[in-house]
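The lines below spell out each chain.
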Amino acid sequence: MTDNAHQDRPSRTELGRVLMSQGVLSSDWAPAFGAVPRSAFLPDLIWPFDMKTGQSVPVSRSQEPERWYQYADADVPIVTQWDDGAHSGAQPGHVSTSSASMPSVVFSMLRDLGVRPGDRALEIGTGTGWNAALLAYRLGAGQVVSVEVDAAVTTAARKALEGAGAGVHVICGDGFRGCAEAAPYDRIIATCGLRSIPFAWVEQCRPGGVIVAPWGTHYTHGDAVARLVVSGDGRSASGGFTGPVEFMKLRDQRRPLVSHSAYVPNGVAEGDESATAITEGEFMRGRFSPQEFALGLCVPDCVLTVDEKREGARPVWFYGLSDRSWACVQFREGDTARVWQSGPRRLWDEVHAALLWWNGRSRPGFDRFGLTLNSAGEHAWLDTPDQLVPVRSGR
């Protein structure tokens, strides 16, 4: 990269300083950060997330170059595609479907990957191509394979990577299957959120290799970064979580759409009514809370929806994905929360039991949870692989 417009900017220098001070940009990745700017992989029209407004805003490089570069050099996520490419125009679409992740997230996951000279890496989710280019800078031309499901995104990333001279082999295909023809790999990294990690990745990774992937449940849109090490016999992979993130989901693993009217056509009166001593403050612990992560592990196939607070009352809904079970807890200031439940599953009872379990183990954070993957499936655990997280119902 010799284009000064991409390289020599005070905003980029400041971003590097901030990332290093946060500890996410390690010294071994600093040269790659300096040589491979994110701006070289972004399209003319981008939709960065504006921290002040909490909205994605359209910014065109041709019309507002200074503002465009400021966002390119900011630690914010940038949407580069809406609605699987069906969107047109400058205004944001309905669902963001491809993006450039926050630099702090990119480099923290690359740090977790722990690459070594000579490693061969597989990336799932090429996106803009920036992450693959960073890997190629460290590992060398021909050492990185990247799989992208979207044809238009693949074409744009391939062009950007070729322009950068990165030497990445980009394939348009289903990343869930990996890329067996170029295996084995020493490192596999996913840049999309997963609800199930395929055993094919373990099979395509060398014993002792590392898989880094955002993983979670349908309970919320949140993920946590799993760092799994492949066993010596290649029959499993296991490891802990390094922290919370939120990624666009692998297309085949997006959360099913939930229609409230399909679950509760006649209002909460058709459910069984009770009460709970749990308060809103005890239940609502904020975005990226390890409590939400734990509840999702314990209560699978369940979707949490939190309504806006009106006149001192906040309804919280739970919808079952395996049937039409639902529950509603209405928290009200200065009063005991009311509960309604209906269907084969008592979803609030399951969530309440999971909450008691999490509290009873000193409210563990993400770093105490782990995941083991083998041909039989996935198993989440707490502290050690033999202490499985109790699953209340669902799958």
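Residues numbered from 1 in each chain as written. Predicted model: local features only at pLDDT ≥ 70, side-chain atom pairs only at ≥ 80, totals over all residues. Heavy atoms only, no water.

For the rest of this paragraph, the subject is the pattern of salt bridges. Tallied over the full model, the rule gives 21 salt bridges. Residue Asp-119 pairs with Arg-116 through a salt bridge whose shortest N-O separation is 3.3 Å. Taking the relative accessible area as the measure of exposure, Arg-116 reaches 43% and is therefore partly exposed. Linking Glu-280 and Arg-314 is a salt bridge whose minimum nitrogen-to-oxygen distance equals 2.6 Å. Taken together, the residues Glu-280 in helix 10 (residues 280-283) and Arg-314 in strand 15 (residues 313-320) connect sequence positions 34 residues apart. (Salt bridge = Lys/Arg side-chain N within 4 Å of Asp/Glu carboxyl O. Buried < 20%, exposed > 50% of the residue type's maximum accessible area, 1.4 Å probe, protein only. Helix = DSSP H or I, 4+ residues; strand = E, 2+ residues; numbered from the N terminus.)

Take the sheet that holds strand 16 (residues 326-332) next. In space, the five strands of this open sheet follow the order 13-17-16-15-14, with antiparallel pairing throughout. Of all strands in the sheet, those bounded by a partner on one side alone are strand 13 (272-276) and strand 14 (302-306). Pairwise comparison of adjacent strand axes, ignoring direction, gives a mean angle of 20° for this sheet. Of the strand pairs in this sheet, strand 15 and strand 16 are connected by seven bridges, and their pairing is antiparallel. Looking at strand 16, one finds that Tyr-319 is bridged to Trp-326. Along the sheet, helix 12 (residues 347-360) makes contact with strand 13, strand 14, strand 15, strand 16 and strand 17 (337-342), crossing strand 15 at roughly 100°. (Pairing = 2+ DSSP bridges. Axes fitted to C-alpha atoms, helices over the stretch in contact; angles between N-to-C directions. Contact = heavy atoms within 4.5 Å.)

Below, the discussion takes up the packing of helix 5 (residues 103-113) against helix 6 (residues 130-139). Between helix 5 and helix 6, whose axes approach to 11 Å, the crossing angle comes to 40°. In terms of their interaxial angle, helix 5 and helix 6 are classed as oblique. Handedness of the crossing formed by helix 5 with helix 6: right-handed. Of the residues in helix 6, those in contact with Pro-103, Val-106, Phe-107, Leu-110 and Leu-113 of helix 5 are Trp-130, Asn-131, Leu-134 and Leu-135. Classifying every residue of the contact of helix 5 with helix 6 gives eight nonpolar, one polar and no charged. (Parallel < 35°, antiparallel > 145°, perpendicular 65-115°, else oblique. Left-handed = near helix turned anticlockwise from the far one by under 90°. Nonpolar A, V, L, I, M, F, W, Y, C, P; charged D, E, K, R; others polar.)

Turn by turn, an α-helix covers 3.6 residues, leaving residues three or four places apart pointing in a common direction. Compared with the 18 Å implied by 1.5 Å per residue over 13 residues, the 18 Å span of helix 2 (residues 10-22) between its first and last C-alpha is a close match. When we look at burial in helix 2, the residues that qualify are Arg-12, Leu-15, Gly-16 and Leu-19. Viewed end-on, helix 2 has its buried residues packed into an arc of 100°, placing them on one side of the element. Looking at helix 2, the residues exposed on the side facing more than 90 degrees away from the buried face are Pro-10, Thr-13 and Ser-21. Phi turns positive one or two residues past the end of helix 2, at Gly-23, with a value near 85°. (Expected span 1.5 Å × (residues − 1). Arc of directions from axis to C-beta.)

Membership of the largest hydrophobic core comes to 59 residues, with the highest contact counts inside it found for Ile-197, Trp-201, Phe-283, Phe-318, Trp-348 and Phe-369. With seven residues, helix 12 is the single largest residue contributor to this core. With sequence-adjacent residues up to four places away left out, Trp-201 is seen in contact with Ile-124, Gly-175, Phe-176, Arg-177, Gly-178, Ile-188, Ala-190, Leu-194, Ile-211 and Ala-213. (Core = buried A, V, L, I, M, F, W, Y, C linked by side-chain atoms within 4.5 Å.)

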